[in-house]
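Residues per chain, in single letters:
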Amino acid sequence: MIENEKILENLEKIGFGRKEAEVFLELVKNPGANGSQIAKALGYPRTTVYQNLDILQKKGYINSYLDKEITLYEAIDLNELFENYKKEVNSATKFLKDELNKVEVNGKQKQFYNLNSFEDVKDRFRNILKRAEKIVYINTNLDLFEFEKDFKRLKEKGVRVILFSFNKIDYMSLGVETYIRDSFNFNVTDSEKRIMVAVDLFAAIIASNYEGEFCGTYSENKLLVNIVTEHIKNDIHLMKLENRFGKDVNKIITLDF
């Protein structure tokens, strides 16, 4: 039957072997069957069926019990099966995410990736925020309230987020540590929008619509990540110097070429 075939295909997608899936489905339809009955229903040798029953039992997908010295089998509760599977997948996914990110990459430094639209930039920004574990540096005049949920998750994780901006916007509710340099009268409605981000010294984004269309670069190149990080730190240091010594300090430290 087509329905049975679809069930078998989807059981294979979650890790069942083909014969395991067929034996399991037979037990769902006929709980309490013995090995001989299953073999007869499927048209397989009993040795093949018992091998797959053993595999299914070791995986925890079926139970067995004796009735008049005959071993009978039944599938575990389906809700329990899929809840256990979901837990295993979540656990495996978290482990792989954590461990694969630690794997040393041999050979050349990771390359640079073009971001060809504002949506590309926002998607990549959200992606690296999800991966942040310790600290995020941002320099932007974008409205960060669009990413409110992302910043609240970082706040819950205890990730420190440092923002340098020319915009007088209060992001305290997002858990963002904000440094405002008001030497310039920029705001988020200006025609030039820009963003620089560095996350945990592993990834960086530089993007703007300086030439009309929004474009930018994403990279895990350590040199670029360090440059972006230091650029934002220096912006904050300069702002602090201006606040302490006055705005004329900018003339003192400016180099003439």
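So, here is what we can say about the structure in this document. These figures come from a predicted structure and were not determined experimentally.

Focus on the overall build of the protein
Then, number 1: If you tally the helices and strands in the protein, you get 9 helices and 10 strands.
Then, number 2: Going through the 257 residues of the protein one by one, you find that 36% of them count as buried.
Then, number 3: At a minimum sequence separation of 6, the contacts of the protein that also span at least 24 residues come to 55%.
Then, number 4: Summed over all atoms, the accessible surface of the protein reaches about 16500 Å², with 52% contributed by carbon and sulfur.

Section: the nonpolar core
Then, number 1: Formed by 27 residues in total, the largest nonpolar core has its most connected members in F125, V136, I138, F151, L154, V197 and I205.
Then, number 2: Of all elements in the fold, only α6 (118-131), β5 (135-140), α7 (148-157), β6 (160-165), β8 (194-199) and β9 (203-208) reach the threshold of two or more residues within this core.
Then, number 3: By residue number, the principal contributor to this core is α6, which donates 4 residues.
Then, number 4: Ignoring anything within four residues of it in the chain, the contact list for F151 reads F125, L129, I138, L144, V161, L174 and V176.
Then, number 5: By size, the runner-up hydrophobic cluster in this structure holds 20 residues, among which are Y61, I62, A75 and L81.

Observations concerning a nonpolar patch on the surface
Then, number 1: Where nonpolar side chains cluster on the molecular surface, the patch consists of V28, L78 and F82 and spans about 230 Å² of accessible area.
Then, number 2: Tracing the sequence through the fold places F82 in helix α5 (residues 78-100).
Then, number 3: Residue F82 is classed as partly exposed on the basis of its relative accessible area of 40%.

Brief notes about the environment of K152
Then, number 1: Looking at where K152 falls in the secondary structure, it is placed in helix α7.
Then, number 2: Distance from K152 to L174, taken between C-alpha atoms, is 5.7 Å for residues 22 residues apart in sequence.
Then, number 3: Residues contacting K152, with those up to four places away along its chain left out, are S173 and L174.

Remarks on the sheet that holds strand β2 (residues 62-67)
Then, number 1: In spatial order, the strands read β1-β3-β2; together these 3 strands make up an open sheet with antiparallel pairing. The sheet terminates laterally at β1 (33-34) and β2, the two strands that pair on one side only.
Then, number 2: Relative to strand β3 (residues 70-75), β1 runs antiparallel, the two being bridged by 2 bridges. Residue A33 lies in a different strand from β3, and its bridge partner there is Y73.
Then, number 3: Most of the contacts of helix α2 (residues 18-29) go to β3, to which it runs at about 90°, and overall it touches β1, β2 and β3.

The rules behind each value
- Residues numbered from 1 in each chain as written.
- Predicted model: local features only at pLDDT ≥ 70, side-chain atom pairs only at ≥ 80, totals over all residues.
- Heavy atoms only, no water.
- Helix = DSSP H or I, 4+ residues; strand = E, 2+ residues; numbered from the N terminus.
- Buried < 20%, exposed > 50% of the residue type's maximum accessible area, 1.4 Å probe, protein only.
- Contact = heavy atoms within 4.5 Å.
- Areas by Shrake-Rupley, 256 points an atom, 1.4 Å probe, with all protein chains shown as cover.
- Core = buried A, V, L, I, M, F, W, Y, C linked by side-chain atoms within 4.5 Å.
- Patch = residues over 30% accessible without salt bridge, like charges linked within 9 Å, V, L, I, M, F, W, Y side chains within 5 Å.
- Salt bridge = Lys/Arg side-chain N within 4 Å of Asp/Glu carboxyl O.
- Pairing = 2+ DSSP bridges.
- Axes fitted to C-alpha atoms, helices over the stretch in contact; angles between N-to-C directions.

By themselves these figures say nothing about function.
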